[in-house]
Amino acid sequence: MSAVESTTATSRLPETISSRLRLPAIAAPMLRVSGVELVKAACQAGVIGAFPTANPRSHEALDDWLTELDETLSENDAPYCANLIMSRPETQKDIEILLRHRTEMVITSVGSPAPVVPALHEAGVFVLADVATMKHVKKAIEAGVDGLVLLTAGAGGNTGWMNPFAFVRAVRAFYDGPIALAGGMSDGVALRAARELGVDLGYIGTKFIATQESLAEPEYKQMLVDSTMDDVLLTQAFTGMNTSFLLPSIEAAGLDPATLDHNADVASAQAQYGGSAYSDKSGPRRWKDIWSAGHSVSGVSDVPATREIIDQTLREFHGDR
Ligand SMILES: Cc1cc2nc3c(=O)[nH]c(=O)nc-3n(C[C@H](O)[C@H](O)[C@H](O)COP(=O)(O)O)c2cc1C
């Protein structure tokens, strides 16, 4: 029996994964934040460490990151998990590299997982897809994914907007596979409550931005310490999708939140704040200058080591409030 199963409801995860977790959680993938050090620290502390394959910035760098993870992590550590952003053209080549390294887990986001599930399954990869609506849920299940990440209100990055209680219970009414819950997982008490709802894994992003190992700039980490959930703005202005950004970072970039186009579409947000060759490079960039965090920013009070956050969350999960 795994460490997690011994204290909580039965895990729906494969034993090969659940037996290596101290805490039923994923350190969620975050652009420009999740690097090798954060992933390693999470996995070594018993939490699945995820990162977007966009973060290494090139196929060669992705290969190097995976080599380092292969060489550092032991078979008893939690697995790392690669995040494929489906809208990126580099995804197919990224998959070839992941398969060469025998990556065990993948999370797909921003787009249907259908194009990548067959190749990943053929190689035995465990595939989760992130979803924000019931329609997404049905499509992901039809595509044959092994589990779902429910994005709910208040999550950092490209967020969901559904109420987590209602969303989990609506999905559990017909789905018995593994569910991870994203949005507001700020401590172990929240994680315990989520398990009670029928969730298998907490999907924790924001808390791990303010860690010693994250790639975030020191000023970004400090802004998390200084902010509360009142400072989180939900807007489409920068990505064309519902995304949580920190108001103080918008103001520091010289922008007036009142004059932003909160209903921007993907193309116009990309042109104005994205990093493509077509954009105006002189203005502030999303993710780089305009920083994201979710509602669980209210639970950030310092910048500890990743292991300290995981140990603290574990204590709370086991009943220490
Ligand atoms: C700065 C930042 C960058 C993110 N980048 C990604 C990403 O590249 N891919 C992805 O699937 N999700 C991304 N997310 C979303 C997280 O994976 C996760 O869903 C979210 O952080 C969970 O909510 P929480 O922040 O309240 O814990 C990002 C979130 C943040 C805060």
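This is a predicted model, so every value here is computed, not measured.

Trainee: Teacher, can you tell me more about the sheet that holds strand E11 (residues 243-246) here?
Mentor: Hydrogen bonds along the backbone pair up the strands of a sheet, which may run parallel or antiparallel. If you walk across this open sheet you meet the three strands as E7-E11-E10, and the pairing is antiparallel. The open sheet is flanked by strand E7 (157-158) and strand E10 (232-235), the only strands paired with a single partner. Examined bridge by bridge, E7 and E11 share two bridges and lie antiparallel to one another. Along E11, the bridge assignment pairs Gly 157 with Ser 244.

Trainee: Where do I start with the nonpolar core in this structure?
Mentor: Among soluble globular proteins, nonpolar side chains are generally buried collectively. Leu 148, Leu 150 and Leu 224 are the most contacted members of the largest nonpolar core, which totals 87 residues. A domain-level breakdown of this core finds at least three residues from each of domain 1 (15-214 + 302-317) and domain 2 (228-292). In this structure Leu 148 touches Leu 128, Ala 129, Val 131, Val 137, Ala 140, Ile 141, Val 171, Tyr 175, Pro 178, Ile 179 and Ala 180, once residues within four positions along its chain are discounted. Counting ten residues, the second-largest nonpolar core is a separate cluster that includes Leu 233, Ala 237, Phe 245 and Leu 260.

Trainee: For this particular structure, what's the right way to read unusual backbone geometry?
Mentor: Both trends apply: most residues other than glycine have a negative phi, and most peptide bonds are in trans. Phi at Arg 32 is positive, roughly 65°, even though this residue is not glycine. The topology assignment puts Arg 32 in the loop between strand E1 (25-27) and helix H2 (36-44). The class of Arg 32 is partly exposed, set by a relative accessible area of 30%. Its identity as a non-glycine residue notwithstanding, Val 110 has a phi of 50°, on the positive side. Along the chain, Val 110 turns up in the loop between strand E4 (105-109) and helix H5 (117-122). On the accessibility criterion, Val 110 (27% relative accessible area) is partly exposed.

Trainee: Hey, could you run me through the packing of aromatic side chains in this one?
Mentor: One pair of aromatic rings is described through two measures. These are the centre distance and the angle between the planes. Here the structure, examined in full by the defined rule, presents six aromatic pairs. With a centroid separation of 5.4 Å and 50° between ring planes, the pair formed by Phe 51 and Trp 65 is classed as tilted. Residue Phe 51 is found in strand E2 (residues 48-52), and its partner Trp 65 is found in helix H3 (residues 59-72); the two are separated by 14 residues along the sequence. This pair shows no difference in class: Phe 51 is buried, exactly as Trp 65 is.

Trainee: Would you mind showing me how to read the sheet that holds strand E8 (residues 179-182) here?
Mentor: Read around the closed barrel, eight strands run E1-E2-E3-E4-E5-E6-E8-E9, paired in parallel fashion. Pairwise comparison of adjacent strand axes, ignoring direction, gives a mean angle of 25° for this sheet. By the bridge criterion, five bridges tie strand E3 (residues 80-85) to E4 in an arrangement that is parallel. In the sheet register, Cys 81 faces E4, and the bridge partner there is Met 105. Across the sheet, H3 touches E2 and E3, and the angle it forms with E2 is around 170°.

Trainee: Is there a simple way to think about the domain arrangement of the chain in this case?
Mentor: When the parts of a complex come together, some accessible area is lost, and that lost area is often used as the size of the interface. Here the domain parsing of the chain yields domain 1 (15-214 + 302-317) and domain 2 (228-292). Just the C-alpha atoms count here: the centres of domain 1 and domain 2 sit 24 Å apart. The interface of domain 1 with domain 2 comprises ten residues on the first partner and nine residues on the second. In total, about 790 Å² of surface goes out of reach between domain 1 and domain 2, with carbon and sulfur atoms giving 59% of it. It is Arg 32, Gly 157 and Asn 158 that lose the most area in domain 1 upon contact with domain 2, and together they represent 49% of the buried surface on that side. Counting across the domain 1 and domain 2 interface gives zero salt bridges. In this structure, the connection of domain 1 to domain 2 is made through five residue pairs in polar contact (both at pLDDT 80 or more). Split into classes, the residues belonging to the side of domain 1 that touches domain 2 amount to five nonpolar, four polar and one charged.

Quick notes on the rules
- Residues numbered from 1 in each chain as written.
- Predicted model: local features only at pLDDT ≥ 70, side-chain atom pairs only at ≥ 80, totals over all residues.
- Heavy atoms only, no water.
- Pairing = 2+ DSSP bridges.
- Helix = DSSP H or I, 4+ residues; strand = E, 2+ residues; numbered from the N terminus.
- Core = buried A, V, L, I, M, F, W, Y, C linked by side-chain atoms within 4.5 Å.
- Buried < 20%, exposed > 50% of the residue type's maximum accessible area, 1.4 Å probe, protein only.
- Domains from an automatic or database assignment.
- Contact = heavy atoms within 4.5 Å.
- Phe/Tyr/Trp six-rings, centres within 6.5 Å; stacked < 30°, edge-to-face > 60°.
- Axes fitted to C-alpha atoms, helices over the stretch in contact; angles between N-to-C directions.
- Buried area = accessible area lost by both parts, 1.4 Å probe.
- Salt bridge = Lys/Arg side-chain N within 4 Å of Asp/Glu carboxyl O.
- Polar contact = N/O pair within 3.5 Å; in protein donor to acceptor, adjacent residues only side chain to side chain.
- Nonpolar A, V, L, I, M, F, W, Y, C, P; charged D, E, K, R; others polar.

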